[in-house]
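Here is how the chains run, residue by residue.
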Amino acid sequence: MSEPGSAAELGQEAAVRRMLEDYYRDGTPPWDTGVTPPELVALVEGVGAPEPGRALELGCGMGTNAVYLARHGWRVTAVDLVERAVRGARGRAEEAGADVEFLCGDATRLSELGVPGPYDLFFDLSCYCGIPAHRRDAYAAGLTERAAPGATLLMFGYGPDVLDDPFSGVTADELESRFAGWRLTDVTPGTNPFPTAWFTLRRDLAG
Ligand SMILES: C[S@@+](CC[C@H](N)C(=O)[O-])C[C@H]1O[C@@H](n2cnc3c(N)ncnc32)[C@H](O)[C@@H]1O
C-alpha cells in the first residue's frame, strides 16, 4: 500500500493524469512516432547485447517499444497510466503477433500491479521526467525492489525547464542521488532541439 499524499500532491497527480488522458483522447499523441529509438536498438541488438530476459517498460504509451522487445525475445510487461494507451498498445501487439503483458497502472505504485519481477531490463521513454517530484522516490524504490542483480535501466528524459511545469524534467545528479544501489554508467545527450538525455543505470551486482 502506498502512503496517501497531501491534498496538493494528489491534486498535482490528478492534473497530470487528466493532461495525459486528454492527449490520448484527442487522437495519436505527439510522442507516438511508432519508431523504436536507436538507443534501445543498440542495447538490444548491438555489440555486447545481453541475452534476452525479463523487461519492464514504464509509461509504455501505445506499445511500440514493448512490442519491439518482445519480438527480440524479451518477456515483457509494460505499464501505462492511461487506459486508452494500454488498449491501443494491446491492439498493436496483437497485430504484430507479439506476446506482451500490458497493464494499466501507476509506475510509482508497482506493488498495486502484481509485477514482482525480478527484471533484467527497465525501459522508460519520457515517463519518469514527467512524474511529480513527490512520487519519484516510490518509482525508484519500485524498480530497485524488482531489479535482478546487474539489471539495466535505460531512460530517456527531458531536462528541467523544458516544459512550463517547474517540477518536471530529470538530471543526472537527481538520478544518482535517488537511485541508491545503482550506478549511472552513461549519459548521452539527445538530439532534440531542447535539452534531453539518455541515461543508463546499472543495479549493483550485490543487490
Ligand atoms: C511522453 S509519453 C511517452 C510514451 C511512450 N514511452 C512513447 O515514447 O511512445 C509518457 C507516457 O508515460 C505515461 N505515464 C506518465 N506517468 C505515468 C505513471 N505514473 N505511471 C505509468 N505511466 C505513466 C503516460 O500516460 C504516457 O503514455
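In the annotation of an unreviewed UniProt entry, the entry for the protein chain reads Methyltransferase domain-containing protein, and the organism field reads Streptomyces drozdowiczii.

Along its length, the protein chain carries 6 helices and 7 strands. Helices and strands in the protein chain line up, N terminus first, as α-α-β-α-β-α-β-β-α-β-α-β-β. The globule rule puts the C-alpha radius of gyration for 207 residues at 17 Å, and the 16 Å found for the protein chain is close to it. Along the first, second and third principal axes, the C-alpha atoms of the protein chain reach 45 × 40 × 40 Å. Within the protein chain, buried positions represent 35% of all 207 residues. Look at the contacts in the protein chain between residues 6 or more apart in sequence, and 67% of them connect residues 24 or more apart.

Quick look at the nonpolar core now. One finds Ala-66, Ala-89 and Phe-122 to be the most contacted residues of the largest nonpolar core, which totals 53 residues. The contact partners of Ala-66, leaving out residues within four places of it in the chain, are Glu-57, Cys-60, Val-76, Ala-78, Ala-89 and Val-100.

Cut-off values and rules
Residues numbered from 1 in each chain as written. Predicted model: local features only at pLDDT ≥ 70, side-chain atom pairs only at ≥ 80, totals over all residues. Helix = DSSP H or I, 4+ residues; strand = E, 2+ residues; numbered from the N terminus. Rg over C-alpha atoms; globule rule 2.2 N^0.38 Å. Buried ≥ 20, exposed ≤ 12 C-beta atoms within 10 Å, placed from the backbone. Contact = placed C-beta atoms within 7 Å. Core = buried A, V, L, I, M, F, W, Y, C linked by C-beta atoms within 7 Å.

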